[in-house]
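Understanding the architecture of this molecule
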Amino acid sequence: MIFFRDSRKINCMKAKDFKLLDQDGKSHKLSDYIGQWVVLYFYPKDDTPGCTKEACNFRDSIAEIQKLGAQVLGISKDSVTSHKKFAEKYVLNFPILADESKKTIQNYNAWGKKKFMGKTFEGTLRKTYLIDSKSEVRKVYEDVNPTRHADEVISDLTRLI
């Protein structure tokens, strides 16, 4: 399931629609964003070191991303209440969506085996989908560096739009 490599289009598929609540209890569907690009990123847990770096990285880059015609949406299995605290603590300026059922996380293959301190367990993978204005997946980021990810997304958006 790789969609873009070295500026060549390999394959394209429709992104799966979903309906989830954000940190303010507002409902979001992917289909609401047809006509603009979406940076759909999945992250393991609110207010943890890597997830905080990634969220703040997107927060600090949101103006440039939006200038390119894209919207950032974060998704984790945490609750709306947890998202609200996380968003307020770090002044996040984009929707973070609660997927407590893990249905959307699983639909986007962002649930899988992970290792931490020698133990293997299942959890949310740090994974991002770049979705175009027609709701087609244009790139999948599987090895995300939370501190540089927004810059990578901006570079790809600039090239693809």
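As a starting point, this report considers the structure included with it.

Conventions and cut-offs
Residues numbered from 1 in each chain as written. Predicted model: local features only at pLDDT ≥ 70, side-chain atom pairs only at ≥ 80, totals over all residues. Heavy atoms only, no water. Helix = DSSP H or I, 4+ residues; strand = E, 2+ residues; numbered from the N terminus. Rg over C-alpha atoms; globule rule 2.2 N^0.38 Å. Buried < 20%, exposed > 50% of the residue type's maximum accessible area, 1.4 Å probe, protein only. Contact = heavy atoms within 4.5 Å. Areas by Shrake-Rupley, 256 points an atom, 1.4 Å probe, with all protein chains shown as cover. Lys, Arg positive; Asp, Glu negative; His and termini not counted. Charge placed at Lys NZ, Arg CZ, Asp CG, Glu CD. Disulfide = S-S within 2.5 Å. Axes fitted to C-alpha atoms, helices over the stretch in contact; angles between N-to-C directions. Parallel < 35°, antiparallel > 145°, perpendicular 65-115°, else oblique. Nonpolar A, V, L, I, M, F, W, Y, C, P; charged D, E, K, R; others polar. Pairing = 2+ DSSP bridges. Right-handed = clockwise from strand over helix to strand, strands pointing away. 1 Å grid on protein atoms, 1.4 Å probe; cavity = no way out; pocket = protein on both sides within 12 Å on 5 of 7 lines; lining within 4 Å. Points joined across faces, edges and corners; volume = space filled by probe spheres on them.

Let's talk about the overall build of the protein
Within the protein, the secondary structure is distributed over four helices and twelve strands. For 161 residues, the compact-globule formula gives about 15 Å, and the C-alpha radius of gyration of the protein, at 15 Å, lands near that figure. Looking at the protein as a whole, 47% of its 161 residues qualify as buried. Taking all contacts inside the protein whose residues are at least 6 apart in sequence as the whole, residues at least 24 apart take part in 62%. About 8400 Å² of surface is accessible on the protein, with carbon and sulfur atoms providing 48% of the total. One way to put it: in the protein the 29 positive side-chain charges average out to a point 4 Å from where the 22 negative ones average out.

Section: the state of the cysteines
Throughout the structure, instances matching the rule amount to zero disulfides. For the unlinked cysteine Cys 51, the closest cysteine sulfur is that of Cys 56, found at 11 Å. By relative accessible area, Cys 56 is classed as buried at 13%.

Points about the packing of helix α1 (residues 49–67) against helix α4 (residues 149–160)
The interhelical angle for the contact between α1 and α4, taken along N-to-C directions, is 30°, at an axis separation of 8 Å. By the angle between their directions, the pair α1 and α4 is classed as roughly parallel. Only His 149, Ala 150, Asp 151, Val 153, Ile 154 and Leu 157 of α4 make contact with α1, whose side of the interface consists of Glu 54, Asn 57, Phe 58, Ser 61, Glu 64 and Ile 65. Counted by class, the contact of α1 with α4 contains six nonpolar, three polar and three charged residues.

Notes on the pairing of strand β7 (residues 70–76)
Burial analysis of β7 places seven of its seven residues in the buried class, which makes it a mostly covered element. The alternating pattern of β7 places Ala 70, Val 72, Gly 74 and Ser 76 and Gln 71, Leu 73 and Ile 75 on opposite faces, both of which are buried. Pairing analysis gives six bridges linking strand β6 (residues 37–42) to β7, with the strands arranged parallel. Looking across to β7, one finds that Phe 42 is bridged to Ile 75. Handedness of the crossover joining β6 and β7 through α1: right-handed.

Digging into the layout of surface pockets
Here the idea is plain: a probe the size of a water molecule rolls over the atoms and shows the empty space left. In this structure, the largest pocket encloses a volume near 220 Å³. Around the largest pocket, the lining residues are Pro 44, Lys 45, Thr 48, Lys 77, Lys 114, Lys 115, Phe 116, Phe 121, Gly 123 and Thr 124. Those elements that provide at least two residues to the lining of the largest pocket are β9 (111–116) and β10 (119–124). The residue inventory of the lining of the largest pocket, partitioned by class, reads three nonpolar, three polar and four charged.

Quick look at empty space enclosed by the protein
A full pass over the atoms with the stated rule returns one cavity of 30 Å³ or more. Each pocket or cavity is described by its volume, and for the largest cavity that value is around 30 Å³. Lining the largest cavity, in full, are Leu 30, Tyr 33, Ile 34, Gln 36, Val 38, Ile 131, Asp 132, Ser 133 and Ser 135. Partitioning the lining of the largest cavity into residue classes produces five nonpolar, three polar and one charged.

Function cannot be read off these values alone, since they describe shape.
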